[in-house]
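Single-letter residue listing:
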Amino acid sequence: MAISSRLDTTRVLAKVLLPTLAKGVIVRRPGVMAFSEKLQSDATAIDTMRHLRDRYGPEPVRLRITGRSVAVLVDPADVGRLLAESPEPFAPATKEKKAALKHFQPHGVLISEGAARQERRELNERALRPDHERIGAVVRDEADLLTRHVMSTGELTWDSFDQAWWRIVRRIVLGDRARDDDQLTDDLKALRQNANWAFLHPRQEGLRERFQRRLDEYHPELPDQVPHWLFAFDAAGIVTMRALAIGGRGTHGILESARLWPTTPVILRESTEPTRWHGTWLPKNTEFVVFTPFFHRDPDRLPYADRYAPEIWDKPLDPAIVPFSGGPGVCPGRDLVLATGSAMIDALSEHLTFPALGEPLPRTLNHFGLRMPAKPVGTRVP
C-alpha cells in the first residue's frame, strides 16, 4: 500500500482538502469562492492529485496523519468499487459528515445507519419521484417573473436567479403556501453555515427547533427528511445557473455542469471492517477520500476535460464521473433535480439568450459572481 511522504501529505492537505473546506462544504462562502476563482484553486488541486497518482498510484494513497487512517483514491475503478460497496463495508456516515449534518438534519438519510438508513432511504426514494406536470407549472410561473425582471435589467445575476429558484423549491417541496417564506430558508442557511464548521461550532438547538416547527407546518408527514431535500436543492440551483452560463440545455446540460464543477467536491466513506486494496489490507475505520474534480477534469484521461461535452452522457461513463454520487448511495433526488433544473433552463431559454463561457472552461467558477448579459430570443448577442 502506498504511503505518501510527509511533504506530499502536506501538499494534499494544503492544496486539495483545506481549500475545499474553506469554500464551504455545506454552504458556499461568497468571499472564499471569489478568491478561489481568482486563483483557480481547483486547477492547483487537480494538478496535485495528478502528481499523487503518478507517484504512488494506482492503489489508494495513505496520508501520514497521526491517529487516523486516511486513504485518497486515485484510480477510477477504485472509486467505482467504493461507491458500489456502500453502505457496507464503506459507510457514508463518516465522523465528519455526522458532525456537520447534525446541525440541521440529525435524522437525515446521509448520516443514518443500519435499519434506520434503509427505511429512510426508501421513504426518500418514494417521496422524491418527480411530478413533471407540477414541476413544469411551478417553474413556468416563476421563470416568467424572472424573465420580465431580466428583460428590464438586461442581465441575469446570481441574486435574481437564486431568489426565483428558492420560490420554486419551496413550492415544489412544501407547497404553494411556502412560496414567500424566506425566513424558513434563511434559518436553514444559518444552520448550514454552522455546519460548515462541523465539530468546531456549537449546535444552535433553539434555531434548529424553530426551523423544524416551521417545516412541521408544511410537511408533517416527513419533517425530519425535508432539510436534506432543501439542502440538495441549493446545490441544484448552483448547477442550473452554471449550466446556463455554458449554454447547457436539458438534462445533459445539468449533468455537464455538475461534472465540470461538482457541488460535492469530496465524497467520503468510512470502512466498517478491514478491506483489501491491490493486495494490501487497510484497517477498519479507514476514511476514504474521493476528490471528484480530479476525476471529472483529469486531462490525462478525459479528452473533453475542460469543455462542454453533453454527448458523453449517451454512452457508458468512466466509473469515477459521479455528479450525483453512485452505487446504493446515489442521490435519491437525482431525477427530481434533473427535472427541475432542466425545466428552468428550458423556460428561461424560451425567451432569453445568453452568451456562453468560452473554452477551455475554468476549473473554478464562482457562481456568486456570474452576471450574464441577456437579450430576447432572436436578438443577436455580441
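Cut-offs used in this document
Residues numbered from 1 in each chain as written. Predicted model: local features only at pLDDT ≥ 70, side-chain atom pairs only at ≥ 80, totals over all residues. Heavy atoms only, no water. Helix = DSSP H or I, 4+ residues; strand = E, 2+ residues; numbered from the N terminus. Rg over C-alpha atoms; globule rule 2.2 N^0.38 Å. Buried < 20%, exposed > 50% of the residue type's maximum accessible area, 1.4 Å probe, protein only. Contact = heavy atoms within 4.5 Å. Areas by Shrake-Rupley, 256 points an atom, 1.4 Å probe, with all protein chains shown as cover. Lys, Arg positive; Asp, Glu negative; His and termini not counted. Charge placed at Lys NZ, Arg CZ, Asp CG, Glu CD. Patch = residues over 30% accessible without salt bridge, like charges linked within 9 Å, V, L, I, M, F, W, Y side chains within 5 Å. Salt bridge = Lys/Arg side-chain N within 4 Å of Asp/Glu carboxyl O. Axes fitted to C-alpha atoms, helices over the stretch in contact; angles between N-to-C directions. Parallel < 35°, antiparallel > 145°, perpendicular 65-115°, else oblique. Nonpolar A, V, L, I, M, F, W, Y, C, P; charged D, E, K, R; others polar. Phe/Tyr/Trp six-rings, centres within 6.5 Å; stacked < 30°, edge-to-face > 60°. Lys NZ or Arg CZ within 6 Å of the ring centre and 35° of its normal.

Undergrad: Could you give me a rundown of the overall build of the protein chain, with the residues and numbers involved?
TA: When helices and strands are tallied, the protein chain shows 14 helices and 12 strands. Against the globule reference of 21 Å for 382 residues, the protein chain gives a C-alpha radius of gyration of 21 Å, in line with a compact fold. Once the C-alpha set of the protein chain is aligned to its principal axes, its extents read approximately 60 × 50 × 35 Å. Within the protein chain, the fraction of its 382 residues that count as buried is 54%. Contacts in the protein chain between residues far apart in sequence, at least 24 positions, make up 74% of those at least 6 positions apart. When the accessible surface of the protein chain is totalled, it reaches about 16500 Å², and 52% of it is carbon and sulfur. Side chains of the protein chain give 53 positive and 50 negative charges; the mean places of these two sets differ by 4 Å.

Undergrad: Break down a nonpolar patch on the surface for me, with residues and values.
TA: On the surface, L18, L21 and V25 cluster together into a nonpolar patch covering about 260 Å² of accessible area. Along the chain, V25 turns up in the loop between α1 (6-23) and α2 (30-39). Using a relative accessible area of 37% as the deciding quantity, one classes V25 as partly exposed.

Undergrad: Could you give me a rundown of the packing of helix α11 (residues 226-245) against helix α12 (residues 250-260), with the residues and numbers involved?
TA: Running from N to C, α11 and α12 point in directions that differ by 105 degrees, and their axes come no closer than 8 Å. Our classification of the angle between α11 and α12 gives roughly perpendicular. Residues V239, T240, R242 and A243 of α11 pack against G253, I254, S257 and A258 of α12. For the contact of α11 with α12, the per-class residue count stands at four nonpolar, three polar and one charged.

Undergrad: Outline the packing of aromatic side chains, supporting the account with residue identities and numerical values.
TA: Aromatic rings considered in pairs are described by the distance between their centres and by the relative angle of their planes. Overall, the coordinates contain nine aromatic pairs when judged by the stated rule. Ring geometry for F90 versus F288: centroids 5.4 Å apart, planes at 80 degrees, classification edge-to-face. Separated by 198 residues along the polypeptide, F90 in strand β4 (residues 90-91) and F288 in strand β9 (residues 287-291) bring together distant segments of the chain. In this pair, the class of F90 matches that of F288, namely buried. An aromatic cluster of three or more residues is present, and its members are W158, F161, W165, F233 and F368. Between the NZ or CZ atom of R29 and the centre of the ring of W197, over which it lies, the distance is 5.0 Å. Above the plane of the ring of W277 lies R81, whose end atom (NZ or CZ) is 4.0 Å from the centre.

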